[in-house]
Amino acid sequence: MDPASSDAPQVLHWPNRRLLVQRDDTEVVALDMDALAAGRASEVRFPTPWPRHFGSVTVSPERDAAVFAGVHAVRSVAATGTTRWEVRHGCWYGGCALLHPSFDEYAHDKDHLYADSGSAAVSADGRLVWAHVRAPLDGDEGTEDDQELWVLLDAMDGRVLGRVNTMTVASNSEHTPHLDPTQMGLSVGEGEEGSPALWGRWDGQQLTAAQIGTELVLLAVSPSGRHLLTVDVGQWSLSLHRTEDGALLQELDAQGTVPSHPRSTGEDRVYWDYDAAFIDEDTIVAGTSECDARYGTARHWLVNVHGMTLRGEVSYPFPVSGPARSAGDGAWYTVSKDRIAVHLWKLAGEK
């Protein structure tokens, strides 16, 4: 894909499955990374129902569907382009109170191009779709238009299995998957208003959501699923939480712990990225690439989970750009500055 007209590539991962996904305005390409490494054909392409600036996309673990979270609907699309199902919801553009029947209704409206947005994620077993949407859902009666909902959908037919009011006013959101299909994290960006981090659970009958914090962004889940990693919106501290109840266990401040960039004057604040990854239960890789950017070279750091202490800087064979993002199976990835190459990393000595 042409980097100038496409989103940056990303790695989606679940237990025993990793996909490399990239989208432009006309299609989404999903590569099975393990099949690719074994020399087998691995490419699946999904046509898009609307251009990339009108929402986000995720792909199911088996690549049988791409799920688009758009301005007016969540839509599941097969590789043939067939719509498997669609759940319409309230418009994400704040000045619009309509339930749009289709994208065509606002395709050429510049205001809708800059609408707020929700997001969606597919569970680890591929059976559930978690989606953050604006109320009302199509067919709802008595639901306030200004509510936001976290809904659980059947991945096969789009049936609404559960819902909960997030009590948020989102400008955007992002899901953080758990290896347990019945659990999921949701970070909601509210602009200058805050950033609630929620943890959702599905017991087979009811969807519930507990707030972990009001000024946090979820970054990653440990391989066992027992721990969560967050960063505060000011990017001062990495925090380790217990998944069971969201309790804060340890923190690691960037300032005073991470050394200033070698090219800096030492007066600039050092702060964490909005991305990080668990390598294993004992080790995290986290970056300071955003604050390092003015000096050209991104830096990433190994952090001991137990005690949340800094082990040292990651030594790469060549300079990298951007944050460190989770790639599963003890790996993390970076994207080149020109967004053409994806580099997969593991600690030396690891297979």
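Before going into details, it helps to say that this report is about the structure given with it. Quantities reported herein were computed from a predicted structural model and do not represent experimental measurements.

1. Concerning the sheet that holds strand β19 (residues 237–242)
And step 1. Across the sheet, which stays open at both edges, the 4 strands sit in the order β17-β18-β19-β20 with antiparallel pairing between neighbours. Of all the strands in the sheet, just β17 (216–221) and β20 (248–253) have a single pairing partner and so form its edges. When strand polarity is set aside, the average angle formed by the axes of neighbouring strands in this sheet is 25°.
And step 2. Sheet topology places strand β18 (residues 227–232) next to β19; 5 bridges connect them, and they run antiparallel. Counterpart to Leu228 in the pairing with β19 is His241.

2. What about unusual backbone geometry?
And step 1. Each neighbour pair has its own omega, and for Ala135 with Pro136 the value is 0°, a cis peptide bond.
And step 2. Position of Pro136 relative to the elements: it lies in strand β10 (residues 128–137).
And step 3. Non-glycine residue Met308 carries a positive phi angle of around 50°.
And step 4. Considering the arrangement of structural elements, one finds Met308 in the loop between β23 (300–304) and β24 (309–313).

3. Thoughts on the side chain of Ser6
And step 1. Tracing the backbone shows Ser6 in the segment before β1 (10–14).
And step 2. In terms of polar contacts, Ser6 uses its side chain to reach the backbone carbonyl oxygen of Asp2, at 2.8 Å.
And step 3. Those residues within four positions of Ser6 in sequence are excluded, and the remaining contacts are Met1, Gln22, Arg23, Asp24, Arg52 and Arg339.

4. Concerning the environment of His132
And step 1. Tracing the backbone through its elements, the reader meets His132 in strand β10.
And step 2. In this structure His132 comes out as buried when scored by relative accessible area, which is 1%.
And step 3. Distance from His132 to Ser56, taken between C-alpha atoms, is 11 Å for residues 76 residues apart in sequence.
And step 4. In terms of polar contacts, His132 uses its side chain to reach the side chain of Ser173, at 2.9 Å.

5. Description of the pattern of salt bridges
And step 1. As enumerated under the stated definition, the model contains 19 salt bridges in all.
And step 2. Between Arg159 and Asp154 there is a salt bridge, with the nearest N and O atoms lying 2.9 Å from each other.
And step 3. Taking relative accessible area as the criterion, Arg159 reaches 46% and is therefore assigned partly exposed.
And step 4. Measuring nitrogen to oxygen at the nearest pair gives 3.7 Å for the salt bridge that ties Asp329 to Lys346. Of the two residues, Asp329 sits in the loop between β25 (325–328) and β26 (331–335) while Lys346 sits in the segment after β27 (342–345), which places them 17 residues apart along the sequence.
And step 5. Several salt bridges converge on common partners, so that one network encompasses Asp7, Asp25 and Arg52.

6. A short note on the nonpolar core
And step 1. Counting 35 residues, the largest nonpolar core has Val21, Val28, Phe46, Val59, Phe68, Val71 and Trp130 as the members making the most contacts within it.
And step 2. Looking at this core, the element that brings in the most residues is strand β14 (residues 183–189), giving 3 residues.
And step 3. Counting 22 residues, the second largest nonpolar core, distinct from the first, contains Leu219, Leu238, Val258 and Ala276.

7. Some remarks on the pairing of strand β13 (residues 172–177)
It is a general feature of regular strands that their side chains alternate between the two faces of the sheet.
And step 1. For β13 and β14, the ladder comprises 6 bridges, and the chain directions are antiparallel. For Ser173, the partnering residue across the bridge sits in β14 and is Val188.
And step 2. Adjacent in sequence and paired antiparallel, β13 and β14 are bridged by 5 residues.

8. Points about empty space enclosed by the protein
And step 1. Within this structure, the stated rule accounts for 1 cavity of 30 Å³ or more.
And step 2. Of the volumes computed, that of the largest cavity is approximately 50 Å³.
And step 3. If you trace the largest cavity, you find it lined by Ser260, His261, Ser264, Asp268, Arg269, Val270, Cys291, Asp292 and Tyr295.

9. A short note on the state of the cysteines
And step 1. Counted according to the given criterion, the structure contains 0 disulfides.
And step 2. Free cysteine: Cys91, not disulfide-bonded; nearest cysteine sulfur from Cys96 at 3.9 Å.

Calculation notes
Residues numbered from 1 in each chain as written. Predicted model: local features only at pLDDT ≥ 70, side-chain atom pairs only at ≥ 80, totals over all residues. Heavy atoms only, no water. Pairing = 2+ DSSP bridges. Helix = DSSP H or I, 4+ residues; strand = E, 2+ residues; numbered from the N terminus. Axes fitted to C-alpha atoms, helices over the stretch in contact; angles between N-to-C directions. Polar contact = N/O pair within 3.5 Å; in protein donor to acceptor, adjacent residues only side chain to side chain. Contact = heavy atoms within 4.5 Å. Buried < 20%, exposed > 50% of the residue type's maximum accessible area, 1.4 Å probe, protein only. Salt bridge = Lys/Arg side-chain N within 4 Å of Asp/Glu carboxyl O. Core = buried A, V, L, I, M, F, W, Y, C linked by side-chain atoms within 4.5 Å. 1 Å grid on protein atoms, 1.4 Å probe; cavity = no way out; pocket = protein on both sides within 12 Å on 5 of 7 lines; lining within 4 Å. Points joined across faces, edges and corners; volume = space filled by probe spheres on them. Disulfide = S-S within 2.5 Å.

From the geometry alone we can't say anything about function, so treat these as descriptive.
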